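An overview of the molecular structure
Here is how the chains run, residue by residue.
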Amino acid sequence: MSHHWLEHTAELELQLDAASETGVFREALEALGEVIGDRAFGKAVSREIVVAASDRAALLVGWLDELVFLAETEDLVADAVERLELDGDTLTATVRAHRGQPRHLVKGATYHDLVFERAGGGFTATVVLDV
Amino acid sequence: MSDATTFAGLRRLDETLWEIPADARADMRVPARVFADRELLAEIVADRSLEQLQNVATLPGIVGAALAMPDIHQGYGFPVGGVAATEPPDGVVSPGGVGYDINCGVRLLALPLTADELGGRAEALVDEISRRVPVGAGHGGALRLGGPALDRALAAGPRALQVEHGIGTPDDVEHTESAGCLDWADPAGVSERARARGADQLGTLGSGNHFIELQQVAAIIDPVAAAAFGLREGQLTVLIHSGSRGLGHQVCTDHVRRMDAVLSRYAIALPDRQLACAPLSSQEGKDYMGAMAAAANFAWANRATLAHRVREAIARVLGPQTARGTRQVYDVAHNVAKLEQHGGRELCVHRKGATRAFPPGSPDIPAAYREVGQPVFIPGSMGTSSFVLVGEPAAMELSFGTTCHGAGRRMSRTGARRQITGTELRRQLKSQGIVVRCPSNKGLAEEAPFAYKDVERVVDVVERAGLARRVAKLAPLGVVKG
């Protein structure tokens, strides 16, 4: 699994690569933590996340939005996926998070140039985050 | 190929206006037009902003042209600096045409004091503002609203705070675009998630390019308009840049998702999912307009609360009399969709990273400014000058009464960080006599001045185009950054 940030004039464009679909979602959590979670501390807590959407790409947007929501409303920086399942149009997950002082940098994940597709033997996705 | 009349596929219409004709792509309904000079155009074509502008030109019900101001840069869905007017009932409203930070905008305060009179107290004042305004991470906006009190702020904007919390003055409210209240706001349309994100964020700055800047009036360019706005050379001003915070972001998220799911119901095909939209007459369109207006009112309430904190800081450092004499020049929105009359038609004007700039005589601007026109504030990049402009008549014919909103980015955040560290930028700004308070070195480096276009060139273009003219130039003394 890997991620890297593509050049974008004003926002953050993220490319995710993984061997499996669930791996793309796990890698997205890692990448977001890199942007917002530079001062996480405190006791670990678990949070359940459920997202429903019409396709995998929209599920990825919903997943990132859920992680942004956790950071903004509870100061929780999700730093690990304990469980993640994809069932039809629904994603269910348990994430481990630490309370901290996340940067309120990301406003939301967008549908702009949104891609989630097979590539080689695995999957690739790109998503633009509004900052 | 380029010559005097063309540039990278754009046709020159006049000195500052360039066009991609409607037949450039089969799905474009109107031309795409950009206000720029050749130098700015060379920067603009370097990213994908014009492709995004052409995408905007495909929206159902768009009239005239998809327009771009000279500070245009690549965004998501709409480019930043984009303007689109659609006609009800079948024309669409697109949440992406407003953006996530609904009613991100700027508010200018003028102090009854000059920079000379401030003397060596600039750093103390910036520090005091920094202590009173939560930035970037964390909560603690001090004004936590929930239930009916939040509903009233969503419905009435800063007027509700003035009446219930003593924040701001009736004069502040009067000197705000739309008097700080879009009266079609529907607080019931703001989701519980949006409320949860915004409940404790009134009076918080946020991250990214948001700031509070202490400035002095470095030059008066139009003495008559400057006098009307109450500005004189050497005077201290404070420019506040923030928006609707998490509440507005969630409103956009909720409605992009909802419209994305019903595009086929309205037989709408789009080149970019982020342009998700629905007819203004549809339930989805009406619901978005109601929720967006509520978020816009929340943004005005946020900037009113930030201005209140600035006045508290002024009272502590410079005395209560100076705080009482600090008046609001005006407050303008950069990201909003409003129903307006243009050419005898009611249109929904989307402005994303663009400023309303109504000319003299408009009934929609405060009585005190009606003879000179609407004030517009154009922040420069950090460490460079900002400008006060005033709306001109040609804006109504050329740009639906709109002008630019800032310098406009020209370099990515990672690109900026590759060229300078936050520590080095702090040192450079300090050597220019500019006090900087920012919790994140990384965030500071991302906002380096060279990451933006030349604001003087941007302002020159809108002036030559007849959209707005210069009134005063403001030079930075200190900045609190999110």
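This structure is a prediction, so every number in the text was calculated from the model and none was measured.

Tallying secondary structure elements over chain B gives 17 helices and 20 strands in all. Its C-alpha atoms give chain B a radius of gyration of 21 Å, within 12% of the compact-globule value 23 Å for 482 residues. Along the three orthogonal principal directions, the C-alpha set of chain B runs to about 60 × 55 × 45 Å. Across the 482 residues of chain B, 63% fall into the buried class.

Turning our eyes to something else, we now look at the sheet that holds strand β5 (residues 62-76) of chain B. All names here are of chain B. Strand order in the open sheet formed by eight strands is β1-β2-β3-β4-β5-β6-β14-β13, and the pairing between neighbours is mixed. Sheet topology places β1 (6-7) and β13 (335-342) at the edges, where each strand pairs with a single neighbour. The sheet contact formed by strand β2 (residues 10-14) and strand β3 (residues 17-20) spans three bridges and is antiparallel. From the neighbouring strand, arginine 12 faces β3, where its bridge partner is tryptophan 18.

Turning our attention to helix α1 (residues 21-36) of chain A. A rise of 1.5 Å per residue sets the reference length of α1 of chain A, with its 16 residues, at 22 Å; its end C-alpha atoms lie 24 Å apart and thus fit the reference within 8%. Looking only at α1 of chain A, the buried set comprises Val24, Phe25, Glu27, Ala28, Leu29, Leu32, Gly33, Val35 and Ile36 of chain A.

A separate point is the interface of chain A and chain B. Taken residue by residue, the interface counts 26 residues in chain A and 34 residues in chain B. Put simply, the parts of the chain that give the side of chain A that touches chain B at least two residues each are α2 (56-74) and β8 (122-130) of chain A. It is α2 of chain A that provides the largest number of residues to the side of chain A that touches chain B, a total of five residues. Within the side of chain A that touches chain B, the residues separate by chemical class into ten nonpolar, nine polar and seven charged.

Looking now at the nonpolar core. Nonpolar side chains in soluble globular proteins tend to be buried together. Core analysis: the largest hydrophobic core is formed by 205 residues, its most contacted members being Leu60, Leu64 and Val127 of chain A together with Ile212, Met292, Ala295 and Ala296 of chain B. Apart from the residues within four sequence positions on either side, leucine 64 of chain A is in contact with Ala28, Leu32, Ala109 and Val127 of chain A.

To continue, consider the environment of alanine 185 of chain B. All names here are of chain B. Along the chain, alanine 185 turns up in the loop between α7 (170-174) and α8 (192-198). Distance from alanine 185 to tyrosine 288, taken between C-alpha atoms, is 9.7 Å for residues 103 residues apart in sequence. With sequence-adjacent residues up to four places away left out, alanine 185 is seen in contact with Leu154, Ala155, Gly290, Ala293, Ala294 and Asn297.

Within chain A, residue pLDDT values average 93, and 98% of them lie at 70 or more. At the level of individual helices and strands, chain A shows its lowest average pLDDT in strand β3 (residues 40-52) of chain A, which scores 88, and its highest in strand β7 (residues 115-119) of chain A, which scores 97.

Residue and element names in this part refer to chain B. Within helix α5 (residues 147-156), burial applies to Leu150, Ala153, Leu154 and Ala156. Against α6 (158-165), α8 and α11 (283-318) lie the buried residues of α5. Downstream of α5 by one or two residues, glycine 157 has phi in the positive range, about 70 degrees.

On to the environment of glutamine 162 of chain B. All names here are of chain B. Among the structural elements, glutamine 162 can be located in helix α6. Under the C-beta neighbour-count criterion, glutamine 162 is labelled buried, with 21 such atoms within 10 Å. A sequence separation of eleven residues divides glutamine 162 from valine 173, and the C-alpha atoms of the two residues are 8.6 Å apart. The residues touching glutamine 162, leaving out its near neighbours within four places in the chain, are Ile167, Gly168, Thr169, Pro170 and Val173.

Let us look at the pairing of strand β6 (residues 78-86) of chain B. Residue and element names in this part refer to chain B. By the criterion of burial, β6 is predominantly enclosed, with nine of the nine residues buried. Pairing analysis gives six bridges linking β5 to β6, with the strands arranged antiparallel. Looking at β6, one finds that leucine 67 is bridged to valine 83. Here β5 folds back onto β6 in antiparallel fashion, the turn holding one residue, of which glycine 77 has a positive phi close to 70 degrees. Where β6 lies against strand β14 (residues 345-352), five bridges are found, and the strand directions are antiparallel.

Below, the discussion takes up the packing of α5 of chain B against α6 of chain B. Packed helices, taken two at a time, are described by the angle between their axes plus the distance between the axes. Residues and elements named next belong to chain B. For the pair α5 and α6, interaxial distance at closest approach is 6 Å and the crossing angle is 135 degrees. The pairing of α5 with α6 is recorded here as oblique in orientation. Counting all contacts with α5, which are made through Ala149, Arg152, Ala153 and Ala156, the residues of α6 involved are Arg159, Ala160, Leu161 and Glu164. Its residues placed into classes, the contact of α5 with α6 shows five nonpolar, no polar and three charged.

To continue, consider unusual backbone geometry. Residue and element names in this part refer to chain B. Cis rather than trans, the peptide bond between proline 88 and proline 89 has omega equal to 5 degrees. Here proline 89 shows up in the loop between β6 and β7 (92-93). Even without being a glycine, alanine 8 presents a positive backbone phi close to 50 degrees. Mapped onto the elements of the fold, alanine 8 is located in the loop between β1 and β2. Look at alanine 179: it is not a glycine, yet its phi comes out positive at around 50 degrees. Along the chain, alanine 179 turns up in the loop between α7 and α8.

Cut-offs used in this document
- All residue numbers refer to position in the chain's written sequence, counted from 1.
- To label them, take the chains in the order written and letter them from A, then take the ligands in the order written and number them from 1.
- This being a predicted model, a pLDDT of at least 70 is required before a residue's local features are given, and a value of 80 or more before pairs of side-chain atoms are given or counted; all residues contribute to the totals for chains, interfaces and linings.
- Helix and strand definitions follow DSSP, with helices as H or I runs of at least four residues and strands as E runs of at least two, each counted in order from the N terminus.
- When we talk radius of gyration, it's over C-alpha atoms, and the globule rule is simply 2.2 Å times the number of residues to the 0.38.
- Our exposure labels follow a C-beta count within 10 Å of each residue's own C-beta, placed from the backbone: buried means 20 or more other C-beta atoms, exposed means 12 or fewer, and partly exposed covers the counts in between.
- Paired strands, as defined in this entry, are two strands with at least two bridges between them according to DSSP.
- Every helix has an expected span of 1.5 Å times one less than the residues it contains.
- Contacts are defined on C-beta atoms placed from the backbone: any two residues whose C-beta positions lie within 7 Å are in contact.
- Classification used: nonpolar for Ala, Val, Leu, Ile, Met, Phe, Trp, Tyr, Cys and Pro, charged for Asp, Glu, Lys and Arg, polar for all others including Gly.
- Joined through C-beta atoms within 7 Å, a set of buried Ala, Val, Leu, Ile, Met, Phe, Trp, Tyr and Cys residues constitutes a nonpolar core.
- Confidence of the predictor in every single residue is expressed as pLDDT, which spans 0 to 100.
- Axis angles are defined between N-to-C directions and span 0 to 180 degrees, where every axis is a line fitted to C-alpha atoms and, for a helix, only to the segment in contact.
- Should an angle fall under 35 degrees it is called roughly parallel, over 145 degrees roughly antiparallel, and 65 to 115 degrees roughly perpendicular, with every other angle called oblique.

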